[in-house]
Structures are given as structure tokens and as C-alpha cells.
Amino acid sequence: MYSERVMDHFMNPRNMGEIPDADGAGEVGNATCGDIMRITLRVEENRIVDAKFKTFGCAAAIASSSMATELIKGKTLDEAWAVTNRAVVEALGGLPPQKVHCSVLAKEGIHQAIDDYRVRHGMQPGGDEERHAP
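Let me begin by describing the structure that accompanies this report. (Residues numbered from 1 in each chain as written. Predicted model: local features only at pLDDT ≥ 70, side-chain atom pairs only at ≥ 80, totals over all residues. Heavy atoms only, no water.)

### Brief notes about the nonpolar core
Now for step 1: Formed by 32 residues in total, the largest nonpolar core has its most connected members in L41, I48, I72, L92 and I114.
Now for step 2: Listed by contribution, the elements that provide at least two residues to this core are β2 (36–44), β3 (47–56), α2 (59–72), α3 (77–81), α4 (85–91) and α5 (100–120). (Core = buried A, V, L, I, M, F, W, Y, C linked by side-chain atoms within 4.5 Å. Buried < 20%, exposed > 50% of the residue type's maximum accessible area, 1.4 Å probe, protein only. Helix = DSSP H or I, 4+ residues; strand = E, 2+ residues; numbered from the N terminus.)

### Description of unusual backbone geometry
Now for step 1: Positioned with a positive phi, N15 is a non-glycine residue whose angle comes to about 65°.
Now for step 2: Of note, N15 is situated in the loop between α1 (4–11) and β1 (24–29).
Now for step 3: Of note in this structure, N46 is not a glycine but carries a positive phi near 70°.
Now for step 4: Within the element layout of this structure, N46 appears in the loop between β2 and β3.
Now for step 5: We classify N46 as partly exposed; its relative accessible area is 35%.

### What about the state of the cysteines?
Now for step 1: All chains considered together, the criterion is met by 0 disulfides.
Now for step 2: Just so you know, C102 is unpaired, no disulfide at all, and the nearest cysteine sulfur is the one on C58, 3.8 Å from it.
Now for step 3: Taking the relative accessible area as the measure of exposure, C102 reaches 0% and is therefore buried. (Disulfide = S-S within 2.5 Å.)

### What about the environment of M37?
Now for step 1: Of note, M37 is situated in strand β2.
Now for step 2: Judged by relative accessible area, M37 falls into the buried class, the value being 1%.
Now for step 3: For M37 and P96, which are 59 residues apart along the polypeptide, the C-alpha to C-alpha distance reads 19 Å.
Now for step 4: Excluding anything up to four places from it in sequence, M37 contacts G26, E27, V28, K54, T55, A61, S65, C102, L105 and A106. (Contact = heavy atoms within 4.5 Å.)

### Overview of α5
Now for step 1: End to end, α5 covers 31 Å across 21 residues, agreeing with the expected 30 Å (1.5 Å per residue, within 8%).
Now for step 2: By the burial criterion, the buried members of α5 are C102, S103, L105, A106, G109, I110, H111, A113, I114, Y117 and R118.
Now for step 3: The first or second residue beyond α5 is G122, which carries a positive phi of 70°. (Expected span 1.5 Å × (residues − 1).)

Okay, structure coming up:
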């Protein structure tokens, strides 16, 4: 049912926990399945230098959170914003169709954490395309 990478990130999650005094935090949930995901960020010079997660949910939700934090570490805020749920699914080697919503939660958690950072620093929230729209 799950790929080896999904099982690896579920059994050995990367970046689990919470950054104390995080520069940005996002929390998202899915009322249908009950998954709740919190992503915290440490940002230096517009680059994500650390990302951590806390997830209450199934194996796919935990693996998606773990992979999402791996994908955004070292990226600029705009590069991290551009990480899609499809990128998370592909990096995990696939998810069953009924579990793809977990990757969507991860992407939304990233967006909320970045928006939280931007608002805290007097910047306009949203991705690069949204901030520069006419």
C-alpha cells in the first residue's frame, strides 16, 4: 500500500518537533480524517534554515510532513512556497489516491508558516505571484 520511502519517513521521521521561538508557524487540519499538522520555521536572510513538524495523523500524514520539511530546508521563502503537494507525493514515491490529501495538508502548512513569517515581518502574505499581482 505504501512505498518504502513513505514507510521510512513514517518510521524514522525527519525534523519532528517544534522550533522554540519559531520565526513562522502554520497549523492546518482536515476535519474529515482528523489529521492535524503544525510546521514551524527558522528563517535567516529570506532562507529557511530549519523546519520542524508535529503531526497527529496517519502514516501518510506523518510521512508527508517529514518529507515537506526536508524539501523546504535551505530554500528561499519563494522557493519553499512553490513546493507543490505533487512534489511531496513524488518525493515519497507515491501515495494511495485516498491519502493524497495528506500531501495537500503539508503544502498548506508550509504556506501558513511562510505567511505567518511574512506578516510578523511586515511583508505581504502569499506566494511571489500573489504578492506581485496587479
